[in-house]
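So the chains spell out like this:
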Amino acid sequence: MSDKITPTLTLAALNKLDGAAEATPFTFGLADKIITFPDPLGLSPAEGESLLADLSGGKRATEIISKWLSAEDAALVIKRLSLRQMLVLIRQASAHYEASLGSLGEGRASTTA
């Protein structure tokens, strides 16, 4: 007699959970236009992680804006916002995504024996 192994989580259940926790793209109104940051869940895993890492710091604000927004949106944001405003915008986008996806963390969790 063989034991039947029952999985803890199936692909169907994973897809159901994934849809329930779906993040919405971060949007910002500027000059009668809606500026939209990409949805990290709509990107490849590597690109999504790159977006979240960029938003959490380490790069210049203009570099982040130019990389992740459309050319038209990036030009408008860079032209109309001060550096301080761009930094606040990036922090708000990061907080928006962290609210539904969690943060990338800061390395491995510590363990005790």
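Refer to the preceding data block for the structure.
Residues numbered from 1 in each chain as written. Predicted model: local features only at pLDDT ≥ 70, side-chain atom pairs only at ≥ 80, totals over all residues. Heavy atoms only, no water.

J.: What should I look at first to understand the pattern of salt bridges in this one?
T.: Pairing between side chains becomes possible if they bear opposite charge and their charged atoms approach one another. By the definition in use, this model includes four salt bridges. Measuring nitrogen to oxygen at the nearest pair gives 3.1 Å for the salt bridge that ties D54 to K67. One end of the pair, D54, is in helix α2 (residues 45-55); the other, K67, is in helix α3 (residues 61-68), and 13 residues separate them in sequence. K67 sits in the partly exposed class, given a relative accessible area of 41%. The salt bridge involving E63 is made with K59; its shortest N-O contact spans 3.9 Å. Among the residues examined, K59 registers a relative accessible area of 34% and is labelled partly exposed. Overlapping salt bridges bring together D54, K59, E63 and K67 as one network. (Salt bridge = Lys/Arg side-chain N within 4 Å of Asp/Glu carboxyl O. Helix = DSSP H or I, 4+ residues; strand = E, 2+ residues; numbered from the N terminus. Buried < 20%, exposed > 50% of the residue type's maximum accessible area, 1.4 Å probe, protein only.)

J.: Would you mind showing me how to read the pairing of strand β1 (residues 27-30) here?
T.: When a strand is regular, its side chains alternate between the sheet's two faces. Examined bridge by bridge, β1 and strand β2 (residues 33-36) share four bridges and lie antiparallel to one another. Bridge pairing in β2 links L30 to K33. Between β1 and the antiparallel strand that follows it, β2, lie two residues; A31 among them carries a positive phi value of about 55°. (Pairing = 2+ DSSP bridges.)

J.: Looking at this structure, how should I read the packing of α2 against α3?
T.: For any two helices packed against each other, the geometry is given by the interaxial angle and the distance between the axes. Between α2 and α3, the shortest axis-to-axis distance is 10 Å and the interhelical angle comes to 150°. With respect to their mutual orientation, α2 and α3 come out roughly antiparallel. The hand of the α2/α3 crossing is left-handed. Judged by residue contacts, E47, S50, L51, D54 and L55 of α2 engage I64, K67 and W68 from α3. (Axes fitted to C-alpha atoms, helices over the stretch in contact; angles between N-to-C directions. Parallel < 35°, antiparallel > 145°, perpendicular 65-115°, else oblique. Left-handed = near helix turned anticlockwise from the far one by under 90°. Contact = heavy atoms within 4.5 Å.)

J.: Teacher, can you tell me more about α3 here?
T.: At 3.6 residues per turn, the α-helix brings residues three or four places apart onto the same side. When we look at burial in α3, the residues that qualify are A61, I64, I65 and W68. Angular distribution of buried residues about the axis of α3 spans 95°; they occupy a single face of the element. On the buried face of α3, the contacting elements are α2, α4 (71-80) and α5 (83-101). (Arc of directions from axis to C-beta.)

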